[in-house]
Amino acid sequence: MQINKKNPETKETNLVSSLMFRFLPYWPLFILLMLLCLSGAWLYLRYATPMYEADATVLIKDEKKGADESDMMEALNIPFGKKIVENETEVLRSRKLINEVVNKLHLYAQVFEEKNPKAVPAYTTSPVIIHAINPEALVEADKVYFSLKKSDSIIINNKAYPLNRWVTTPYGELKFEPNSALTNKETRLLFFQLYNPQQVTSSILANLKVESAGKLSTVVNLSLRDQVPARAEDVLNELIAAYNQSSIDDKNILAINTLSFIDNRLKTIEKELDSIEGHIQKYRSDKGVVDLGEQGKHFLESVGDNDRKLSEVNIQLAVLDQVEHYLNSNSQENGPAIIPSSLGLTDPTLNQLMEKLYQAEIEYQKLRTTTGGKNPLIEPVLNEIGELRPRILENVRSQRANLLVSKNNLASTNSSYNSVLNSLPQRERELTEISRQHTVKSSVYSFLLEKREQTAMSISSTTADLKVVDGAVSSTDPVSPKKPFAYMIAIFAALGLSIGGVSARELLSNKVLFRSDIESITKVPVAAEIVNTKKKDSLINTSSKVSFAAEQFRQLRTAIGLNHIPLQNSKKILVTSSIAGEGKSYICSNLAISLALASKKVVAVDLDIRSPKLSSMFNVSGKPGLAEFLEGKKGLDDIVCTTNYPNLYAIGAGNGAEDLRDLLLSSKLNDLLNRLITQFDYVIMDTAPIEPVTDAHVLSKYCDITLLIVRHSYTPKSIVQLFDNKNIQLLKNPYIVFNAVRPRGIFKGKYGYGYGYGYQSVYHEKKGKKSKKKKFQSLVEQN
């Protein structure tokens, strides 16, 4: 068994042919809409504001994704806020930084150059730069025209204002500075506009993108779209500079706070040392003490070591008191206070907890500044702060308890030393007491001086957390609007409108337009399609065997034969329609002529006694006809009339009474048809439409085949839907003839029928001679 497989190329060819068949006839509509849409795209590109894009790449130092350069700060036991890329991208987009950029670049006062068809920014070509002493208090102004008077003043509203001075204008305190970078001194029509800085900030934020290069990357890409490429570059570069400066300021504030704490402690220790040294000098002078001896020296070393430990304990207790006071009094609502240094504390856990607390408070302040107090991101930070404070307090109290025990132990040891001192001479003991205090204070003073120098070094060596990988560089061509994209959209819009319009016109029609419409709603087979022709091209006027009309009705005859009803057995053919005006008389007359041209003896009988159009077509109106025969007034030979066509005869409707319809039901009509079939090869009958009378149902039983006419773009689909009811089933061997099929499209007649199957013939008249050019083309059914 051989299986037929469809070739994919054939499917593609059929699809292309189907689309060409359906839409090519409307090519003028496609071209018109294409021109309109392309013109609209051209106008859009002409008047749309071109946007350029500047890009920059930076590297942020992230403790989780890259190297950490805070070792020096950690060595100094100074809390240091570390960076996270995700947070820093939000900081880069903060309104605070953008507003600083707006004020720094004076973007609240923008100069424009009047041109046709629209004004363009004069960011790089403006002769002046406008400053505002208080940008927030500016009066917004639109199109303030100005001109330069020589090079020392500017004219605004016929009033001169000097350059390089703060002047009072109707818009606020302004200063106009000459643009030293301007090279083009050409006189132009210029104006400036004043904006609220917050409005400009919002505009920049809407066009600014800050995105991480990847999940594990600390590289951040910045891009900004602007009308002026140079302005976009300046904004990005200034934004990076503002971010770096803000980061450096935060670090310096932290170091300065620590330095201030150390300086205060140094001043206190310095006063105590001065007092002790003065006391020693006075004691030596008063008592005459020079050398305490080897025993006193050994004792002094032991006692000094013990007292040094006691001093360290006291320092740690003092630091713990300050830490506890900080924890009990600090409020993150007012920003982080000056954090006491954990100098002298040996517990690493407390140092780590203090560092985490400071980082959390710095993070809270950044989020509160950049996102507002009600941002859900603040809640986790507040919770972390709330958890750290009790833990630090508990640690502080635990260490204090331990230090107090150590202090008591040292005090007890001192008591034992005091008992030894009692055995020494009073002078030596007093001097030892004073020297011990001096040694302790000197060691503390030296320690604080060392830490002070380290903190000062950290201030001078502070670096930014953001490294510029690529500076801002703008695109040479506009990124919006894009010409190819705009024209592509216009082309697709034109195609969509054209296809949508054509499809909607045909799909929304309630008339029969396609052969598929008939086949989808009725089971009555379609015998043939008859193309709409001009009256002069019908067989009645041409009588040509090779005409286009003759070819169509030859196809009709063939189609009837191919539908399993041989023509030789179909002697009697009834032609009717569902409603008037569908062309049944045209089909009947032309089918009769076509058979006659095929050397068949044919008689055409006009059974439409109400509207006998067939009689008029064959010029037998007014002559005796069917009515006279049924009334018995005339015989068969009297009513059969010759026509202008060989082998074709006609019987008119005649001139009978109004109740002649009842005679159609008599046996005389059947006798007439039987007698005619013995004398003629074919009897073609034209009867009244099915609606509203039933003549066709009555006469169909006398026939061999019934042709039901459906007219293109005329017969309602609702009528065709009724073809399968019992009334249509009463018709004998019904077949549908799709009549008056018209070409589709704007210029009809060049691209086939357009609505069904069949072929087309094209005829040309050239130099008075008829030359025939046939072209058979398979047409694809339209769905």
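Residues numbered from 1 in each chain as written. Predicted model: local features only at pLDDT ≥ 70, side-chain atom pairs only at ≥ 80, totals over all residues. Heavy atoms only, no water.

Novice: Give a description of the overall build of the protein that names residues and reports values.
Specialist: Scanning the protein from N- to C-terminus turns up 24 helices and 23 strands. Residues classed as buried in the protein amount to 44% of the 783 residues present. Of the contacts formed within the protein by residues at least 6 apart in sequence, a portion of 78% connects residues at least 24 apart. Summed over all atoms, the accessible surface of the protein reaches about 40,900 Å², with 53% contributed by carbon and sulfur. (Helix = DSSP H or I, 4+ residues; strand = E, 2+ residues; numbered from the N terminus. Buried < 20%, exposed > 50% of the residue type's maximum accessible area, 1.4 Å probe, protein only. Contact = heavy atoms within 4.5 Å. Areas by Shrake-Rupley, 256 points an atom, 1.4 Å probe, with all protein chains shown as cover.)

Novice: Run through the sheet that holds strand 11 (residues 208–212), naming residues and quoting values.
Specialist: Strand order in the open sheet formed by 4 strands is 11-12-1-13, and the pairing between neighbours is antiparallel. Looking along the sheet, the strands with just one partner apiece sit at the ends: strand 11 and strand 13 (466–474). When strand polarity is set aside, the average angle formed by the axes of neighbouring strands in this sheet is 15°. Sheet topology note: the strand 11/strand 12 (residues 219–226) ladder contains 5 bridges and is antiparallel. Note on strand 12: the bridge partner recorded for Glu 211 is Asn 221. (Pairing = 2+ DSSP bridges. Axes fitted to C-alpha atoms, helices over the stretch in contact; angles between N-to-C directions.)

Novice: Give a detailed account of the pattern of salt bridges, specifying residues and quantitative values.
Specialist: Once the charged atoms of two side chains with opposite charge are near each other, the side chains can pair. All chains considered together, the criterion is met by 12 salt bridges. One salt bridge connects Glu 519 with Arg 515, and the closest N-O pair in it is separated by 3.0 Å. Placement of the pair is Glu 519 and Arg 515 together in helix 13 (residues 515–521), with a separation of 4 residues, close to one helical turn. You can call Glu 519 partly exposed: its relative accessible area is 36%. Between Glu 529 and Arg 515 there is a salt bridge, with the nearest N and O atoms lying 3.1 Å from each other. Residue Glu 529 is located in strand 14 (residues 526–531), and its partner Arg 515 is located in helix 13; the two are separated by 14 residues in the primary sequence. Sharing partners across several salt bridges, the network here consists of Asp 263, Arg 452 and Glu 453. (Salt bridge = Lys/Arg side-chain N within 4 Å of Asp/Glu carboxyl O.)

Novice: Talk me through the sheet that holds strand 9 (residues 172–178); I want residue IDs and the actual numbers.
Specialist: To summarise the sheet geometry, strands pair through backbone hydrogen bonds and adopt either a parallel or an antiparallel arrangement. The sheet built from 3 strands is open, its strands ordered 4-9-8 with antiparallel pairing. Both outer strands of the open sheet, strand 4 (128–132) and strand 8 (166–169), are each paired with one neighbouring strand and no more. Across the sheet, the axes of successive neighbouring strands diverge by a mean angle of 40°, strand direction being ignored. Where strand 8 lies against strand 9, 4 bridges are found, and the strand directions are antiparallel.

Novice: Break down the nonpolar core for me, with residues and values.
Specialist: Membership of the largest hydrophobic core comes to 55 residues, with the highest contact counts inside it found for Phe 176 and Phe 192. If sequence neighbours within four positions are ignored, Phe 192 has contacts with Gln 110, Val 111, Ile 130, Lys 143, Val 144, Phe 146, Ile 156, Tyr 171 and Phe 176. Formed by 32 residues, the second largest nonpolar core is a distinct cluster that contains Ala 559, Ile 593, Ala 604 and Ala 650. (Core = buried A, V, L, I, M, F, W, Y, C linked by side-chain atoms within 4.5 Å.)

Novice: Give a description of the packing of aromatic side chains that names residues and reports values.
Specialist: Taken as a whole and assessed by the stated rule, the structure comprises 8 aromatic pairs. Judged by centre distance (5.2 Å) and plane angle (55°), the rings of Tyr 145 and Phe 191 are tilted. With Tyr 145 in strand 5 (residues 141–149) and Phe 191 in strand 10 (residues 190–194), this pair connects stretches of sequence that are 46 residues apart. Judged by its relative accessible area of 1%, Phe 191 is buried. Taken together, the ring pairs in this structure connect Phe 146, Tyr 171, Phe 176 and Phe 192 into an aromatic cluster. Cation over ring: Lys 571 sits above Tyr 682, and NZ or CZ is 5.7 Å from the ring centre. The lysine or arginine in question, Lys 601, covers the ring of Phe 680, its NZ or CZ lying 5.1 Å from the ring centre. (Phe/Tyr/Trp six-rings, centres within 6.5 Å; stacked < 30°, edge-to-face > 60°. Lys NZ or Arg CZ within 6 Å of the ring centre and 35° of its normal.)

Novice: I'd like a description of the pairing of strand 10, backed by residues and values.
Specialist: Counting buried positions over the 5 residues of strand 10 gives 5, a clear majority of the element. Burial along strand 10 is two-sided: the face carrying Leu 190, Phe 192 and Leu 194 and the face carrying Phe 191 and Gln 193 are both buried. Bridge count for strand 2 (residues 109–113) against strand 10 is 5 bridges, and the pairing is antiparallel. Bridge pairing in strand 10 places Ala 109 opposite Leu 194.

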